[in-house]
Amino acid sequence: MSHWEAPYVPPYPQQTQPAIGQYPGPAVTSPTYAESTYVQPQYAEPQYGQQYADPTFGQHFERPQYSQPQYDPRFPNAQVETSHAEFTDEFESVLERISVHRSTIGCVIPCYNEEESIAGVLEGLLHQTRVPDVIHVVVNNTTDATVAIASQYAGPHQVVTDLGEQFTEVFIHDIGKNPDKKVGALNYGYALVEGYDYLLGVDGDTIADERAVEYLETEAVGDSRIGGISAIYTIDDRPIKGLIGKFLIAGQRTQFAAFNLQNLLRGRNMAVLGGQFSIFSTAALRDVMRANHQSTPWVKDSEVEDSLLSLQIKSAGYLTKISPYARASVGGMTTLKGYDAQQVKWTYGAIELMWPGQRGDTKGQPFHPNLRLRWFENFGMLTNLFVRVAFLTLLAASLSINAFVFSPWWLIPPLVATLLNLRVALTMKYVNQRDILFSALVFPAEIFMWIRIGHFLRSWSSFLSRKKVDNWAAQAKAERGGGFSLGHWVPMILLVLTAIAMTFIWNLLDPVVQSSILWIGWPIVGVVTVIQTLLMAFKLFRRQYGYKV
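Attention here is on the structure that accompanies the text. The shown structure was predicted, so the numbers you read here are calculated from the model rather than taken from an experiment.

In this section: the overall build of the chain. Along the backbone of the chain there are 16 helices and nine strands. Counting across all 549 residues of the chain, residues that qualify as buried make up 42%. In the chain, once contacts between residues fewer than 6 apart in sequence are set aside, the share between residues at least 24 apart is 79%. A total of about 31,100 Å² of accessible surface is found on the chain, and carbon and sulfur atoms cover 61% of it.

Here you go:
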C-alpha cells in the first residue's frame, strides 16, 4: 500500500484577468496514488450570450448588455431597474396570460329504460354553450337499448361554443340490478363527481335549452349561499300524438307553469330542486351529509328524493333557487294510468314530509319553509273538492224539490278561474294555440281538475290507511303499460257511488228537513266560494315582474 503525502501549495499569486476558459486559480499539484492519477477537469465554455469567466471564484467579470431589462437565469435574485411605464405594460401582459379559475361541473344522468330519449338528452348537453366537464350516464334496472344507444356518445368530445373551445368526456355505466332505483343511481354518480365544484343532475328524458348550464353556473358561482338551482320546466308537446295524450300534456304544461310562476314570485325560492335539471353545490351536499349523518346525499327514506334533499339543503343554511332564464323540456305522461301513478307518488311523498315521523329517520317538518307551498297546494285541492261536490249536491237537491233560483253571481267564480288560467298560459315562453284553448274553453281545465282531485284522494287515502305501496314500481309499471288496473278510476267510481247513495237518502227525508239542509248548505258553500274567488283574484291581478315560464 503506497504512502500519500500532502502536496505543496504555493501562495496565491497576483494575476491578471484569465483568458476565457482558463482556470483562474494557481496551479495545483494533484496527489499521487499508486494505481491512479488525478486528472484536472476541463471546463466547458459558458452557454450564455457573451463569454466570461466563472464568477464563483470572486473574480471580476463583465455583465452582458441587453437592449432592455430581461431576466437572467444565472441571477434569479438580481434586481433589474425598469421604468414605471415598462412595468405597467409588462404587468398587464402578465395578467392577460393568467388563466382564470373556472368552476368544474360533473353531470349525472340516472337512466331507466330511456332508449327513446337518451340520444336527445346527450345531444342537448353536448350542444350547451357551457358544456359539463364530464358526463356520467348511470343506467340501472334497464331492459331496453338505453346502454347501446348511449354508448355511441361515449368518449372524449371537443366542442366549440360561443364561450370558446371546451372539452368533455362521456362515460356510460350499466350498474345492472339496483334495488335503490333512481336514488342508487344518483348516489353512484355522486361518488364519481364529488371532487367537482358542482353536480348537474339531469333526468334521462330531459332536454335543456342551449344556455341552461351557462345560466345555472353563472348564478351559482355568483352567490356562495346557493346550495342548488333548478331550471324552469315545461313539456314539449310537438311530438305528442293522440287526443288523450295532447289533452294530458296541455294540462301538465299549465300545471308546470303555475308551479314555476309561484316559486318565481316567492323571491325565486324553489320549494323542490327537481331532479329533471338542477345544479347542486357539492360543498352543500357534503354539509347535508355531515348534518344528517348520511353516507350519501340522496336517501331512500322518501318517495320524493328531490324534495327531501331540497329540505335538507335549506336546513343546512343554503338557498334553494329557481333560475328565471335556464329552461328544460321534461318528459310528460301521455296516459291516464301513467299520469296517475306519477302524481300519486309525488303527492304521497310530499304528505310524508309534511306529516311528522313517517318513514325511517325522515322526520316530518310541517313548518319547514319549503313545505309551506305544499300545504297551500293540499288545502287548495281540498277546497276545490269541497266546493265542487257541495255545489253539485245542493244543485241536484234544490232541483229535486223545485227550490233552485239562479243567480248570476255564481258565474263570477268560473269566470275568475278561467281568466287566471288564461293569464298563467300567457306567461309561458313557448305558449301555443292549444294552451290558450285549454284555458279559455273552461271545460278542458275543469276536467283536468277532476283528474287531479282523483290523485289527491288516492294519495291521502293510501297515506291514512297506512298501506305501504312501492310507488316507484307502480309508476314504472304504469309507464310500461303493463297489467290491467282501475286504480286511477277508483276516486271517480267512489264519487258516483256516493252520489247515488246520497240521492237515495235524500228521497227518504221529510220536506222540512230537506229545506233546512238547503238553508244551511248554500250559505256555507257561498262563503267558501267567495274566499276561494278572492284568492284567485289576488293571483290574477298580482304583478308578475315580466317572468316567463
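Having seen the structure, we can now continue with the description.
On the basis of which strands lie adjacent, the open sheet formed by nine strands has the order β3-β4-β2-β1-β5-β8-β7-β9-β6 and mixed pairing. This sheet does not close on itself; its edge strands, each paired only once, are β3 (155–161) and β6 (207–208). Judged from the four bridges that link them, strand β1 (residues 105–111) and strand β5 (residues 198–202) form a sheet pairing that is parallel. In the sheet register, I105 faces β5, and the bridge partner there is Y198. Against the sheet, helix α7 (residues 282–291) engages β5, β7 (226–234) and β8 (277–281), with an angle of about 70° to β8.

With 29 residues, helix α10 (residues 372–400) should reach 42 Å at 1.5 Å per residue; the first-to-last C-alpha distance of 42 Å fits that figure. Where α10 is buried, its residues contact α6 (243–264), α8 (305–315), α9 (336–354), α13 (443–464), α15 (490–508) and α16 (511–541). Positive backbone phi, approximately 55°, marks N402, located one or two places after α10.

Another aspect to go through is empty space enclosed by the protein. On inspection of all chains with the given rule, the structure shows four cavities of 30 Å³ or more. By volume, the largest cavity amounts to about 70 Å³. Considering the residues around the largest cavity, the lining is formed by L186, G201, V202, L273, G275, F280, W298, E305 and D306. Where the lining of the largest cavity is concerned, the elements lending two or more residues are β5 and α8. For the lining of the largest cavity, the residue count by class is five nonpolar, two polar and two charged.

In this structure, β3 lies alongside strand β4 (residues 164–174), joined through seven bridges in antiparallel fashion. Bridge pairing links G155 to V170 in β4. Remark: two residues form the turn of the hairpin made by β3 and β4, two consecutive strands paired antiparallel.

As a further point, take the pattern of salt bridges. Summed over the entire model, instances satisfying the criterion amount to 17 salt bridges. Measuring nitrogen to oxygen at the nearest pair gives 2.3 Å for the salt bridge that ties D340 to R458. Residue D340 is located in helix α9, and its partner R458 is located in helix α13; the two are separated by 118 residues in the primary sequence. Across the pair E377 and R374 runs a salt bridge whose closest N-O atoms are separated by 3.7 Å. A residue pair is termed a helical-turn pair when its members lie 3 or 4 positions apart in one helix, as E377 and R374 do in helix α10 at three residues. Assessed through its relative accessible area of 28%, E377 is described here as partly exposed. On the basis of relative accessible area, R374 is assigned to the buried category, the value being 16%.

Turning next to the environment of S398. Along the chain, the position of S398 falls in helix α10. Distance from S398 to L518, taken between C-alpha atoms, is 7.2 Å for residues 120 residues apart in sequence. In this view, S398 contacts A403, F404, L518 and W522; residues no more than four positions away in its chain are not counted.

Time to look at the packing of α9 against α13. Running from N to C, α9 and α13 cross one another at 50°; their axes reach a closest spacing of 8 Å. On the basis of their axis angle, the class for α9 and α13 is oblique. Handedness of the α9/α13 crossing: right-handed. Residues L336, Y339, D340, Q343, V344, T347, Y348, I351, E352 and M354 of α9 form the contact with α13, whose own contacting residues are F448, I451, R452, H455, R458, S459, W460, S462 and F463. Of the residues assigned to the contact of α9 with α13, the class counts are 10 nonpolar, five polar and four charged.

Within strand β2 (residues 134–139), six of the six residues are buried, which leaves it mostly tucked inside the rest of the structure. Burial of β2 is two-sided: the residues V134, H136 and V138 facing one way and the residues I135, V137 and V139 facing the other way are all buried. Bridge analysis of β1 against β2 gives six bridges, and the strand direction is parallel. Note that in β2 the partner of C111 across the bridge is V139. Handedness of the β-α-β unit built from β1, helix α2 (residues 118–126) and β2 comes out right-handed. Examined bridge by bridge, β2 and β4 share five bridges and lie parallel to one another. Within β4, the residue paired with V137 across the bridge is I172.

The rules we used
Residues numbered from 1 in each chain as written. Predicted model: local features only at pLDDT ≥ 70, side-chain atom pairs only at ≥ 80, totals over all residues. Heavy atoms only, no water. Helix = DSSP H or I, 4+ residues; strand = E, 2+ residues; numbered from the N terminus. Buried < 20%, exposed > 50% of the residue type's maximum accessible area, 1.4 Å probe, protein only. Contact = heavy atoms within 4.5 Å. Areas by Shrake-Rupley, 256 points an atom, 1.4 Å probe, with all protein chains shown as cover. Pairing = 2+ DSSP bridges. Axes fitted to C-alpha atoms, helices over the stretch in contact; angles between N-to-C directions. Expected span 1.5 Å × (residues − 1). 1 Å grid on protein atoms, 1.4 Å probe; cavity = no way out; pocket = protein on both sides within 12 Å on 5 of 7 lines; lining within 4 Å. Points joined across faces, edges and corners; volume = space filled by probe spheres on them. Nonpolar A, V, L, I, M, F, W, Y, C, P; charged D, E, K, R; others polar. Salt bridge = Lys/Arg side-chain N within 4 Å of Asp/Glu carboxyl O. Parallel < 35°, antiparallel > 145°, perpendicular 65-115°, else oblique. Left-handed = near helix turned anticlockwise from the far one by under 90°. Right-handed = clockwise from strand over helix to strand, strands pointing away.

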